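# Close look at the chain arrangement
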Number of protein chains: 2
Amino acid sequence: MKSERKHIVIIGGGFGGIATAKALKNADVDITIIDRLNHHLFQPLLYQVATAELSPGDIAAPIRAIVNEDPNIKVILGEVKKIDPKVKTIYLNNGHSIPFDQLVMATGAQYNYFGHEEWAEFAPGMKSVSDALKVREQLLMSMEEAEQLDDSNRRKSLLTYVIIGGGPTGVEMAGAIAEVAGNGAKHGYHTIKPEDAKIYLIEAGPRILNAFPESLGKKAKKMLEKMGVKVLLNTPVTHIEKNKVHLQVGLIETPNIIWAAGIKASPLLDSLKVEQDHSGRVLVGSDLSIPKYPDIFIIGDSAHSENKDGIPLPALAPVATQQGKFVGKLLAKSERRSEAKFVYIDKGTMATIGRAKAVADINGLEFSGFFAWFLWSFIHVLSLIGFRNKIGVFMTWMWSYFTHKRGVRLITDRSRCESCTTYERPHNELMEMPV
Amino acid sequence: MKSERKHIVIIGGGFGGIATAKALKNADVDITIIDRLNHHLFQPLLYQVATAELSPGDIAAPIRAIVNEDPNIKVILGEVKKIDPKVKTIYLNNGHSIPFDQLVMATGAQYNYFGHEEWAEFAPGMKSVSDALKVREQLLMSMEEAEQLDDSNRRKSLLTYVIIGGGPTGVEMAGAIAEVAGNGAKHGYHTIKPEDAKIYLIEAGPRILNAFPESLGKKAKKMLEKMGVKVLLNTPVTHIEKNKVHLQVGLIETPNIIWAAGIKASPLLDSLKVEQDHSGRVLVGSDLSIPKYPDIFIIGDSAHSENKDGIPLPALAPVATQQGKFVGKLLAKSERRSEAKFVYIDKGTMATIGRAKAVADINGLEFSGFFAWFLWSFIHVLSLIGFRNKIGVFMTWMWSYFTHKRGVRLITDRSRCESCTTYERPHNELMEMPV
């Protein structure tokens, strides 16, 4: 006996997908969430997993646990192979197929190497817990090896760090690495002195944090430089190979190369065969559905959705969350209003640079320094899903604020790490801060 | 310029190695700790990582952080290839060699498959964080797949769990799995009913917890059975292959097979070419040194050290800790007292069976139920290294006691998990409880 209720399928358990499901939980519909992994991940804090501040369990929650109280929501762990929008069916890799009445694609994004996919092997980004753990192992192993070496070129390259891309992720990674690598003695490395660490933040454009007001970008640059980070502007990367980053101005040798320079939408969108922009996002109408298929909605990093000035909305958690809520409410209504129109409310952006250092732009008000950091911490703790995560992250941050320690410096998998500099398939995102 | 101070090398950063180093920290000696991984692990709680209760970071701490305040202690991340006791030198895999004046081997143990090493691939044990995470992924993936299947043999086998070995580790794993798998609905699995889970604890001998008083073993068995665990006594495993456990009484089909049946000492000891017992432990004198090489000490799971009745001491954290302290104090003295004699003080043993259920034997006093569980929790939290870990684990246990939730149900690496049932090199230990 098939249910008469409408079946809504949501692909992706990120900010957009969860917001959609939560907005639909009291509606008279059946919902299925499909995700490749079993957990929702608070990606804006993933860099803190990579830099040994937080445990993966602090910023991730099982999707089942999030929607456990909602009997109309079913969760499927599975990889979608393709979507046939004409027959309204999803095909999974395991051979199962799932029909839908309405589909919400919240499939997120992956790192964009702008045609140089071969760089991914040597300059991984971070999109998943697994990616972040690999970066963590790489960074820790480098320090361990350096600790055992006398002065040499190998030692110098092990203590060199290159972060490519001056958006919030790049800035946050550079700041966090400066705190670990620049404070070797505090973390128990006897031979690593602050001046040994060379940290480069490389940006092709003329400024960092270009989604922020210019004055905040300048402040962030100064803060980073005070922490010992060399910020190279107008410096495009020309080539990357194993342990080497080539710039127009020279060559940097290091196994520690992190890519944070751009994203592209999930390749799953290609199977829809509809109009996409240059980074693979699907062009959606004002109600976030695809013009050709009004029962398919695209939200979050996968959607090319424009603001009132015709500029595409950025790939940010708050955009995905607001879009998810909008689509959820729209679908909860039995009658579809054709005039529904999504409007993004920009509450601001923030990036943290280090201990008690951050920049924030809230409704045009600019903050920097301790207060911005406090605001950043407060808002991020509140935005985490689950009471347990909120408490855990809050305690960890307090602890490391007062002790300067990082608790999760674990190398758990040496077999993986002996080939640390070659990752399987790195991909990532410009992780700006949700406000 | 070489230091005139005596150089003591400790291999292994487990309970024994850390205790030795801490006992030596104020001595006028140079100390080097060598470990394959960069962290000390509280192995008695590793099963809680495998069953998604705790994060690895909760029960592990970087060795560097533990000895950070002690300027005479150097930490090296490295794998020891062999030891030449005659020239007092250690050779590392990376080609380095390290001379020592005195050596403390606290190299621990690995799982013993009693001549059936080929079983390891299908029935992994747990000795490291990496092992425990693989088991966690296996258990979670099984439930995820089962949730999507209609009634079938495949579904039945996915919800079947076999734990081999009725020592504390086996008992604790069986209890923890019963809580997760037997409470599918509580954890968000809509189709998994309590009666679907079949959990077998298989023991070759006539009773479980045979290091405990017989009455406690019986109580533990009853508690497990009440939770739905089938405890099979006098049931040796005859063969293990992929997804299959063969017993004399029949065959159990499942991908979820966990080995907790015995340990053997680290194979590194073989390079000493001295007398070893049947499980590879080196026979030591009453001061824990090797009779042939009085400057080499063996402690913990690697040592065959006898109590006053001539029975070898068990592979327990408190034995290793007490031995480490003993050797550290001995070496801190400038003159060696030939009559030094290690005596183990047995403060008791405990095992937890589930939420608010445990058995304990403290100085001959037997406890079971809530009080034993409370005692178990209290002592384990206090025994963790680091204030942050103590607070974190305490909060997590309180949280899950009141909510019945397990927070760390993360499948982080599907690429690894698609071949979940074949692990690289599993090995484990009879993890009894430190008191």
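Residues numbered from 1 in each chain as written. Chains lettered and ligands numbered in written order. Predicted model: local features only at pLDDT ≥ 70, side-chain atom pairs only at ≥ 80, totals over all residues. Heavy atoms only, no water.

A few words on the relation of the copies chain B and chain A. Superposing chain B onto chain A requires a rotation of 180° together with a translation of 0.0 Å along the rotation axis, leaving an RMSD of 0.0 Å. Each copy turns onto its partner about a two-fold axis. A shared binding surface is used by both copies, with 100% of the interface residues of chain B retained as interface residues in chain A. (Least-squares fit on C-alpha atoms with pLDDT ≥ 70 in both. Contact = heavy atoms within 4.5 Å.)

Taken residue by residue, the interface counts 52 residues in chain B and 52 residues in chain A. Across the chain B to chain A interface the summed buried area is about 4400 Å²; carbon plus sulfur atoms make up 52%. The three residues of chain B that bury the most area against chain A are Arg-64, Gln-148 and Arg-388 of chain B, which together make up 17% of that side's buried surface. Applying the counting rule to chain B against chain A returns four salt bridges. Inspection of the region where chain B meets chain A yields 10 residue pairs in polar contact (both at pLDDT 80 or more). Secondary-structure elements contributing two or more residues to the side of chain B that touches chain A are helix H3 (56-59), strand E4 (60-62), helix H4 (63-66), strand E5 (73-77), helix H5 (129-148), helix H11 (387-403) and helix H12 (414-417) of chain B. Sort the elements by how many residues they give to the side of chain B that touches chain A and H5 of chain B lands first, with seven residues. Here the side of chain B that touches chain A is built from residues that sort into 21 nonpolar, 17 polar and 14 charged. (Buried area = accessible area lost by both parts, 1.4 Å probe. Salt bridge = Lys/Arg side-chain N within 4 Å of Asp/Glu carboxyl O. Polar contact = N/O pair within 3.5 Å; in protein donor to acceptor, adjacent residues only side chain to side chain. Helix = DSSP H or I, 4+ residues; strand = E, 2+ residues; numbered from the N terminus. Nonpolar A, V, L, I, M, F, W, Y, C, P; charged D, E, K, R; others polar.)

Residue and element names in this part refer to chain A. When the domains of chain A are assigned, the result is domain 1 (6-36 + 78-111 + 263-332) and domain 2 (117-261 + 347-417). Taken together, the contact pairs seven residues of domain 1 with 10 residues of domain 2. Buried surface at the junction of domain 1 and domain 2, both sides included, amounts to about 620 Å², of which 59% is carbon and sulfur. Considering only the side of domain 1, the residues that lose the most area to domain 2 are Ala-109, Tyr-111 and Lys-264, jointly responsible for 64% of the buried surface there. Counting every contact that joins domain 1 to domain 2 gives one salt bridge. Our count for the contact surface shared by domain 1 and domain 2 stands at two residue pairs in polar contact (both at pLDDT 80 or more). Residue contributions to the side of domain 1 that touches domain 2 peak at three residues, all from strand E10 (residues 109-111). Across the side of domain 1 that touches domain 2, the residue classes tally to four nonpolar, one polar and two charged. (Domains from an automatic or database assignment.)

Time to look at the environment of Met-141 of chain B. For Met-141 of chain B, the location among the structural elements is in helix H5. Once the C-alpha coordinates of Met-141 of chain B and Thr-20 of chain B are considered, the two residues, 121 residues apart in sequence, prove to be 41 Å apart.

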